[in-house]
Structure formats: structure tokens, C-alpha cells
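# A structural walkthrough
What follows is the residue order along each chain.
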Amino acid sequence: MSVINIKDIQIQNVTNSMSLFISNMQNKATNDMRNSWGSDVWVIKKQKIKFTKLSEEHFHNEKMNSDFIDFAKAYITHEYPFESNRLGVVIATLRCVEYILLKTYGCANICVVNYSILEEIISFIKNRYSNNYAYVIGRELKGICSFLFKNKLTYKNIAGWKNPIRFKQDYFLDDKEKHNKKIPNEEIIYIFADIFSQELTDKRDIFTTSVVALLMSAPSRISEVLSLSIDCVFTNTTQKGNEKWGLRFWAGKGYGGDIKWIPSVMAPVTQKAIDRVRRLTNKPRMFAKLMELNFEAFHKQTRFSRYSESKLLTTVQVCEVLLNESISEKEGIKLLKRLSIKSHDNIYSLRTLWQELQSRLPEGFPWYNKKKNIKFSELLFLFFKDSLHLNKSDNIIELYTPHTSSFYSDTYYQEKRKNIFERYEYQNRNKQSFHFHSHQIRHLLNTIAQRKGMTEYEVAKWSGRASIKQNRVYNHVSEEEIIEKYESLKRSSTNYTVSENITVRNPVSRESFLSVSHGAVHKTEFGYCIHDYAISPCEKFRDCLNCSEQICIKGSLDSLTRLKERLSETNELIETTRKDTNENDRQIDKDRWLSFHLKIKERLQELISILESKEVPEGSFVRLSNKSYSHLSRTCNAEKLSNNKKEIIHVKKIN
């Protein structure tokens, strides 16, 4: 008899699962992400990542262990597409895992991860990184653990492991200097306003000032502004006839999509900024829309239909296809060299030129963000490549979506190029460069909202924030301001004492209470229910006709029709019950059923007669009183009966 080692089978199953997972991801990385599996350097959404070991140096150059690198690549591929800031955290987490595995076992097989290894990793990252960055890595580590367990890629059950590091938020800033750094210098805001008010022609100036104007319109992250769609403007008319403006945002950090309303005073500025960017980016959007077509639809376009599909084109004809205008051969050669396209005759046909254009499109095209349902052709901030470059002309066959770095490169000081402040000859009082960060505007608008008395919920919603607790980070109202506001309220109030003219409200009967008109009612089949659910739950569930809190309205034809239909049905049921006899039916149950429905019939007849009476004015409220049982009273009576039976059982007979 052979003995089967269950542990060996488990190890073999995990090994097979890991091999299958890596094989599947290898195909995805090659075909979808366009990265070579054998390369140690990948580019994902213009971000370069290295599959290298953890190092004390700033640069990580040593290749990951052979036991670990394939899993790291497979996991990165599985998690694709990434949020913009997550990719760096994932690769950092994987490096920490590999480091501890090598230190503990001498090999980096991810399948051997267990609770002790996880605790070693946590201890390591707490000593190496700041608390909040260690928390982020711990959160990513939890995701890796869940993935490994779910896909049966580990020998141990690690599904229950939790990140022990807690995020420490600096909710309360006692240092005034820290507060001041969070808020932009007032002088900088005026500088941007001054530049924005001018007739701008430079693309960089339009881009930078328009971004600032949109940031000032509603408290937003710069990444949210740069991902606005072309139809982001939303207008609505209030009951007073005033037009309100809003921007359709997709907020970051888990909040989701919403409309951020713009203060009325900022609406013209916002519209001007959007119009400027639209004019600036109209051609790139048209090109993106054109590239969404397949070749057959592309060829049917009026400007291309006169060219044969396979006939080779001259240099001038290639330029005509790209520019939709005629230029000289000399200018055409210069243009094609600028675009890195072969500048000789008879190189491209219309089809091969279309294929060349398709190969230049950004990753994931036509989707800029499929999760948010935004295409490149629908983006507000869509440029041609090098549009914001100092010296280069537009590359009209490659699309470019600006990142936060595109904005900061025009606001930070750099030795080799002038930023927007320097171009317009602005300097601070010390004749030094200004310090400005886009997120300071978000802090500024939140602080203004707090000063003007917006509630915490309103501030969080306006800011696109998932939790109102985060409001405290953005509230920079000083203690002096709070005390000053308190003193002003105290001075404006004539009396802080409790008034002597207190109105005494004596208790009222239930009948008097029910006679008062209620603001909170809900519609029923025959009228309205005025039961106050804050006091008690419904005592006559699904028995509205026998309830004294049911109100019928004289003149409601629909309710009267339903009452008559109910009366007809009740009569039929009563007649059928009286005629049909069944020896299995207990007489007491039959009598109870009949008595209940006879009472319903009586109440229906009474209600209908009142609602049809000419003596009762139209619109009158009709309510029948009732002191019969309720579910609550029946339960109480049953409990009393049960207690009485228990008492009878314990009675002793005395002779």
C-alpha cells in the first residue's frame, strides 16, 4: 500500500498554480502592455519601473532574485492598469518582500510567505520609512496577501493578516508657520489674476493660468482638473431664476464622480479659462477622433477618399493628408523629418500611413480612462506632443496629456528656463523666486468655506472628499479668528441669559395629537397614513382599514374606486365562506375569520357613505376611530395568558 504525502501534493498544486499564473501574465504583458518579459525595465503609462533589489543607495540597480522576479512582473501585469501614484508603491512593497525572504530563507520564493515573514516585513518598513509611507506599503502588502490566498499561491493561510500600522494624520497644526505654508501667498493669487486678465497667446501661459483659474473655481486636486472632459460645464436654474454653474469632476481618493458648484463670482472666469483651453486643444481632439476610426471609415472621409488605398504617395501628398493643405516639397521634407516620418517619395500608401499614425497613439487609445468612461477625444486638456515645449513645434501626429509635472515646471524655479513669474518679471519682496504649489489653492478654498460658515458635510462634498474627518487638514482658521468671531457674536447679541418668557407645553391626549396636521405622512392604498414612526412602529401592519391613523380625503376618486373594489371583494369572500362548509374547518376559526371580515365590510360601507355624502365638503379629511386589537396588544395579551397558565400550574391543592 502506497503512502500519499498530503504536504507534497499541496506544494505541487501551489507550484503549478504559480506557473500557470506567470504564463498567463507573460502573454498579457507582451500583447497588451507592450513590454518585453525578459527586460528588467518596463514603461507603464510613461512611468519607468525597474525590477531591481532594495538598496541603501538612491538608485536600485541590482536585478531581482530569479525566484522572485517572474512573480513581481506577473503581479504588476495583473494589477494593470494602475492609478498614477500606486505603481511606485507596489514595486517598493515587492522589493521589501523580496528583501525579507532572502534574509530569512536565502531564497525569494513568494509561496513560503507566512505570518512571521509578514511581521518581519512590517518591522523592517517601520524602521526604514516614515510612518505614513510605511502604512501605505502595509496596505499594499495586505492586498498582495489577499491575492496570494485567493489564487492559492501560498502554502500557508494568510488571509486573516491585517496591516498593524495606523495612518497618522496631522489634523491639528499648532505652528503658524506650517499653516502659512499650506495657504498660497496672496500676492501669488493676484499675479496669476493679472496674467490671466491679459490677452494671452503663448500656449504655456494659457495652460498654466487656466489650470489656476479652474483650481480657484472649486477645491480640486490638479489631477482632477487635468482629467476634465470637454463637456465638463454644467448649468442649472434655481427656483428664483438664477443660473448656477458647476463642473463635472471625477474626484480622486475613492470619492467618485460629482458636480462641484462654482461661486457666481467665479463663473465668468471659469468659462473664459475653459474657452481658452478649448480653442488651444481643438485640433488634437479632432485628430484623436479621426484616429478612432478603422481604416475603411478613415478612407471614406472626404479629404482622404481621393487617394487610392494602396497607391504609393509622394512627399507632398503625405503632407496634404496630414495637414489638409498643400505645401512645397521643401517644406514637406522639413515637416516629415520633424515628425520622424520617412521623407522620400513612394514610401507610404494611405493604408501604411494610417498604420504609422496608429502606432504613434498613446497606450490604451481610444480610452484615456476606461473606468471613468473618458476617451482621449473627450479630454479638455489634450495637446499635441511638444506643444508646451520652449523651442520645439507641435508634433501633429502624436497626442500628449499634460501631467502635474507639466504644470509645476512652469511655476518652480529652474536655472535653465524661465517660469511664468520670471517671464512676466514678477519677484517677491526679497527678489527671490516664489514658492507655489497647486494644492495650496485647495487649502485656501476650504479655509474660506470654513470662515464663511459652511457645514463640515458641505465642505467635504464641495471638495470631493470621502470623509468629513479630512476637513480638519484643510481648515487653517486661526485661534485668534475664532475668538474674534465669538466676541463679535457676543457684542451683537443683546442678552445671553435664558428668556423668562418660557412657553409651557402640557401633555395632550393621543386623539388631540393625531388631530394636528402632520408634515411627515406617506401615501397608502386608500389615502394617507399619519403614524409617527419616531414614536413607535406600525401597530396594524397591512391592516390600514382598521387603523385610526388612516386618513381618506373626500374628492379623491382613485381612493373611492379602490374602496368600492375592496368592498366588492370582501362581500364575495364572506358569501363564499358562508356557503362552503368543510368538516375539517374548526367552527371557532371560521367564526373568527367571519367576524373580522364583517367588521371590515362595516368600515368600508361607512367610509364609502361618508366620501359619497354631499353634506361633506370636498377636500375634507375622513378618519374612523377604532379601539380594536393591534399586533402589539395581541402579543401583550398572549404573554399575560401564558403567565396566568404558569401561575395555575404552580397552585397547590390544600385539603
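Rules used in this analysis
- Residues numbered from 1 in each chain as written.
- Predicted model: local features only at pLDDT ≥ 70, side-chain atom pairs only at ≥ 80, totals over all residues.
- Heavy atoms only, no water.
- Helix = DSSP H or I, 4+ residues; strand = E, 2+ residues; numbered from the N terminus.
- Buried < 20%, exposed > 50% of the residue type's maximum accessible area, 1.4 Å probe, protein only.
- Contact = heavy atoms within 4.5 Å.
- Areas by Shrake-Rupley, 256 points an atom, 1.4 Å probe, with all protein chains shown as cover.
- Salt bridge = Lys/Arg side-chain N within 4 Å of Asp/Glu carboxyl O.
- Pairing = 2+ DSSP bridges.
- Expected span 1.5 Å × (residues − 1).
- Polar contact = N/O pair within 3.5 Å; in protein donor to acceptor, adjacent residues only side chain to side chain.
- Arc of directions from axis to C-beta.
- Phe/Tyr/Trp six-rings, centres within 6.5 Å; stacked < 30°, edge-to-face > 60°.
- Lys NZ or Arg CZ within 6 Å of the ring centre and 35° of its normal.
- Patch = residues over 30% accessible without salt bridge, like charges linked within 9 Å, V, L, I, M, F, W, Y side chains within 5 Å.
- Lys, Arg positive; Asp, Glu negative; His and termini not counted.
- Charge placed at Lys NZ, Arg CZ, Asp CG, Glu CD.
- Axes fitted to C-alpha atoms, helices over the stretch in contact; angles between N-to-C directions.
- Parallel < 35°, antiparallel > 145°, perpendicular 65-115°, else oblique.
- Nonpolar A, V, L, I, M, F, W, Y, C, P; charged D, E, K, R; others polar.

## Remarks on the overall build of the chain
Each helix and strand counted, the chain has 25 helices and 13 strands in total. Counting every position in the chain, which comprises 655 residues, the buried fraction comes to 39%. Contacts in the chain between residues at least 24 apart in sequence constitute 62% of all its contacts with a sequence separation of at least 6. About 40600 Å² of surface is accessible on the chain, with carbon and sulfur atoms providing 51% of the total.

## Describing the pattern of salt bridges
For the coordinates displayed, the defined rule picks out 21 salt bridges. Here Glu140 ties to Arg86 by a salt bridge, and the two come within 2.7 Å at their closest N and O atoms. One end of the pair, Glu140, is in helix α5 (residues 131-150); the other, Arg86, is in the loop between α2 (66-79) and α3 (87-105), and 54 residues separate them in sequence. Glu140 gets classed as buried once you look at its relative accessible area, which sits at 9%.

## Focus on the pairing of strand β2 (residues 47-50)
The pairing of strand β1 (residues 41-44) with β2 spans 4 bridges and is antiparallel. The residue bridging Val43 from the neighbouring strand is Lys48, located in β2. Hairpin connection of β1 to β2: 2 residues between the antiparallel strands, including Lys45 at a positive phi of 50°.

## Topic: α2
Compared with an ideal rise of 1.5 Å per residue, which puts 14 residues at 20 Å, α2 spans 21 Å between its outermost C-alpha atoms and is within 8% of the ideal. In terms of burial, α2 is a largely internal element, 10 of the 14 residues being buried. Listed in full, the buried residues belonging to α2 are Phe68, Ile69, Phe71, Ala72, Lys73, Ala74, Tyr75, Ile76, Thr77 and Glu79. The inward-facing, buried residues of α2 contact α1 (6-31), β1, β2, α3 and α5. The backbone nitrogen of Asp67 has a side-chain oxygen 2.8 Å away, supplied by the residue at the start of α2, namely Asn65.

## Comments concerning helix α19 (residues 456-463)
Turning to α19, its buried residues are Val459, Ala460, Trp462 and Ser463. Buried residues in α19, looked at end-on, bunch into an arc of 165°, giving them a common side. Gly464 sits one or two positions beyond α19 and adopts a positive phi of about 70°.

## Let's talk about the side chain of Asp205
Relative to the assigned elements, Asp205 resides in helix α8 (residues 203-217). Since its relative accessible area comes to 5%, Asp205 is described here as buried. Side-chain polar atoms of Asp205 contact the side chain of Tyr424, separated by 2.8 Å. The contacts of Asp205, once residues within four sequence positions are left out, are Leu200, Ile420, Arg423 and Tyr424.

## Focus on the packing of aromatic side chains
Two measures describe an aromatic ring pair: the distance that separates the ring centres and the angle between the ring planes. Using the criterion set out here, one finds 23 aromatic pairs in the structure. Within the aromatic cluster, the residues linked to one another by ring pairs are Phe192, Phe407, Tyr408, Tyr412, Phe421 and Phe436. Lying across the ring of Trp367, Lys375 places its NZ or CZ 5.3 Å from the centre.

## Observations regarding the sheet that holds strand β13 (residues 621-622)
Strand-to-strand pairing in sheets goes through backbone hydrogen bonds, with the strands running parallel or antiparallel. In space, the 4 strands of this open sheet follow the order β10-β11-β12-β13, with antiparallel pairing throughout. Both edges of this open sheet fall to β10 (522-523) and β13, since each of them pairs with a single strand only. Relative to strand β12 (residues 550-553), strand β11 (residues 528-529) runs antiparallel, the two being bridged by 2 bridges. Note that in β12 the partner of Cys529 across the bridge is Gln550.

## Observations regarding a negative patch on the surface
Together, Glu525, Glu565, Glu569 and Glu572 make up a negatively charged patch on the protein surface. On the accessibility criterion, Glu569 (47% relative accessible area) is partly exposed.

## Regarding the packing of helix α10 (residues 267-280) against helix α11 (residues 282-291)
It is the contact of α10 with α11, at a shortest axis distance of 4 Å, that shows an interaxial angle of 55°. It follows from the interaxial angle that α10 and α11 lie oblique. Residues Arg278, Arg279 and Leu280 of α10 pack against Asn282, Pro284 and Arg285 of α11. Broken down by class, the residue content of the contact of α10 with α11 amounts to 2 nonpolar, 1 polar and 3 charged.

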